[in-house]
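Residue-level structure breakdown
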Amino acid sequence: VLGHHEAQTVAEQLMKAEKELRYDHMMGRIPDMSEADITTKLRDVATHFENHHKTGMLHAAANTITDAIVGFLVLIGIMTNKQKVRDFFARVGNRFLNMPNTAQAFTLLLVSDILVGYHSSDGWQTVLKVIGGHYGFDEHVLESYIAIFVATVPVSMDVAFKFWVFKE
């Protein structure tokens, strides 16, 4: 069963298809059709649109389940290899601290500008729309949530980053 938004989208697509069908019929681009034939054709089109949306919903559910399984397996991998994970982060930290000061500054500025810089809101919006689409959310439904997220999270990250850099 389709949700309200999906049913509304299917209805809009069906109305557009009906207009196109009636226009093509009126212009003689398709053979003469009775009203019953037009209704049958539109029912077929509506079934196609509905099945397309149901398939999208199934893909979103499958993505959710597989992502949860992968996340669980990664978590188990991290929990069973705590020492290796600690060693990895220690090596990364040491490698960063052994870099020249200019390279450290460049890396910090690059990472902070990517995550919280002037143009980062476009990147955040794109990433969140892709993630939302992956889980079956419509872009228009997510707009207000994305706007709130982009208005608060990068700013909070910027404050935390500056605090970390300038705490000493």
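A brief report on the enclosed structure follows. Because the structure is predicted, anything quoted here is derived from the model rather than measured.

Calculation notes
By convention here, each chain's residues receive numbers from 1 onward along its written sequence. Confidence filtering applies because this is a predicted model: local features only for residues at pLDDT of at least 70, side-chain atom pairs given and counted only at 80 or more, and all residues used for totals across whole chains, interfaces and linings. Side-chain figures throughout are based on the complete set of non-hydrogen atoms in the structure, without hydrogens or water. Each helix is a run of H or I in the DSSP string that is no shorter than four residues. Each strand is a run of E no shorter than two, and both are numbered from the N terminus. Taken over C-alpha atoms, the radius of gyration is set against a globule rule of 2.2 Å times the number of residues to the power 0.38. Classification of residues uses two cut-offs on accessible area relative to the type maximum, computed with a 1.4 Å probe and protein chains only: under 20% is buried, over 50% is exposed, and between them is partly exposed. Throughout, a residue-residue contact means that at least one pair of heavy atoms, one from each residue, lies within 4.5 Å. Each accessible area is a Shrake-Rupley result for a 1.4 Å probe, and residues are judged covered by the shown protein chains and nothing else. Think of it this way: Lys and Arg go in the positive column, Asp and Glu in the negative one, and His and the chain ends go nowhere. Charged side chains are reduced to one point each, which is NZ for Lys, CZ for Arg, CG for Asp and CD for Glu. Working definition: rings of Phe, Tyr and Trp (its six-membered ring) pair if their centres are within 6.5 Å, and the pair is stacked with planes under 30 degrees apart, edge-to-face with planes over 60 apart, and tilted otherwise. A helix's residues, less one, multiplied by 1.5 Å, set its expected span. Helix axes use the C-alpha atoms of the stretch in contact, all axes being lines fitted to C-alpha atoms, and the angles between their N-to-C directions lie in the range 0 to 180 degrees. Helix crossings are classified by the rotation of the near helix relative to the far one: an anticlockwise turn of less than a right angle makes the crossing left-handed, while a clockwise turn makes it right-handed. Three residue categories are used. Nonpolar comprises Ala, Val, Leu, Ile, Met, Phe, Trp, Tyr, Cys and Pro, charged comprises Asp, Glu, Lys and Arg, and polar comprises the others, including Gly. Any residue with relative accessible area above 30% and no salt bridge may belong to a patch, with like charges joined within 9 Å and the nonpolar Val, Leu, Ile, Met, Phe, Trp and Tyr side chains within 5 Å. Salt bridges are defined as contacts in which a side-chain nitrogen from Lys or Arg sits within 4 Å of a carboxyl oxygen from Asp or Glu. Grid points spaced at 1 Å and placed over the protein atoms alone form the basis of the search, with a cavity being a set where a 1.4 Å probe fits but cannot get out and a pocket an open set showing protein on both sides within 12 Å along at least five of seven lines. Lining residues have an atom within 4 Å of a point. Grid points are joined across faces, edges and corners, and a volume is the space filled by probe spheres set on the points. Roughly parallel here means an angle under 35 degrees, roughly antiparallel means over 145, roughly perpendicular means 65 to 115, and every remaining angle is called oblique.

Assigned secondary structure in the chain consists of six helices and zero strands. In summary, the chain has a C-alpha radius of gyration of 26 Å against a globular reference of 15 Å for 168 residues, an excess of more than 25%. Based on the C-alpha atoms only, the size of the chain along its principal axes is roughly 80 × 40 × 25 Å. Expressed as a percentage of its 168 residues, the buried residues of the chain come to 14%. Taking the contacts inside the chain whose residues are at least 6 apart along the sequence as the reference set, 59% of them involve residues at least 24 apart. As displayed, the chain has an accessible area near 13,000 Å², and 66% of this comes from carbon and sulfur atoms. Computed over 15 positive and 19 negative side-chain charges, the separation of the two mean positions in the chain equals 11 Å.

On to the packing of aromatic side chains, then. By the definition in use, this model includes three aromatic pairs. Ring centres of Phe161 and Trp164 lie 6.0 Å apart, and the angle between their planes is 50°; this geometry places the pair in the tilted category. Of this pair, Phe161 and Trp164 both sit in helix α6 (residues 139-166), three residues apart, which is roughly one turn of the helix.

Turning next to helix α2 (residues 35-80). Under the 1.5 Å per step criterion, the end-to-end length of α2 is 67 Å for 46 residues, consistent within 8% with the ideal 68 Å. Of all the residues in α2, the buried ones are Ile38, Leu42, Val45, Ala46, Phe49, His53 and Ala60. The secondary structure elements touched by the buried residues of α2 are α1 (4-26) and α5 (120-134).

What follows is about the packing of α1 against α2. Orientation of α1 relative to α2, taken along the N-to-C sense of each, is 145°, at an axis distance of 9 Å. α2 is crossed by α1, and the crossing has right-handed handedness. Contacts between α1 and α2 involve Glu6, Thr9, Val10, Gln13, Leu14, Ala17, Glu18, Leu21 and Arg22 from the first element and Glu35, Ile38, Lys41, Leu42, Val45, Ala46, Phe49, Glu50, His53 and Met57 from the second. Classifying every residue of the contact of α1 with α2 gives 10 nonpolar, three polar and six charged.

The next subject is the environment of Ile65. Relative to the assigned elements, Ile65 resides in helix α2. C-alpha separation for the pair Ile65 and Tyr135, spaced 70 residues apart in sequence, amounts to 9.9 Å.

The next point concerns the side chain of Ser112. Among the structural elements, Ser112 can be located in helix α4 (residues 101-116). Apart from the residues lying within four places of it in its own chain, the contact partners of Ser112 are Gly117 and Phe161.

In this section: a nonpolar patch on the surface. Residues Ile65, Ile69, Phe72, Leu73 and Ile76 make up a contiguous nonpolar surface patch of roughly 490 Å² in combined accessible area. Tracing the backbone shows Phe72 in helix α2.

We now examine the layout of surface pockets. Here the idea is plain: a probe the size of a water molecule rolls over the atoms and shows the empty space left. Taken as a whole, the largest pocket encloses approximately 330 Å³ of empty space. Elements supplying a minimum of two residues to the lining of the largest pocket: α1 and α2. The element best represented in the lining of the largest pocket is α2, accounting for five residues. Split by residue class, the lining of the largest pocket holds five nonpolar, seven polar and two charged. Size it by volume and the second largest pocket reaches roughly 180 Å³.

This part covers the packing of α5 against α6. Axes are the key here: two packed helices are described by the angle between their axes and the distance separating the axes. Closest axis-to-axis distance for the α5/α6 pair is 9 Å, and the angle between their directions is 135°. Between α5 and α6, the interaxial angle falls into the category oblique. Relative to α6, the crossing made by α5 is right-handed. Along the contact surface, α5 presents Ser121, Trp124, Gln125, Leu128, Lys129 and Gly132, while α6 presents Glu139, Leu142, Ile146, Phe149, Val150, Pro154 and Met157. Per-class residue counts for the contact of α5 with α6 are eight nonpolar, three polar and two charged.

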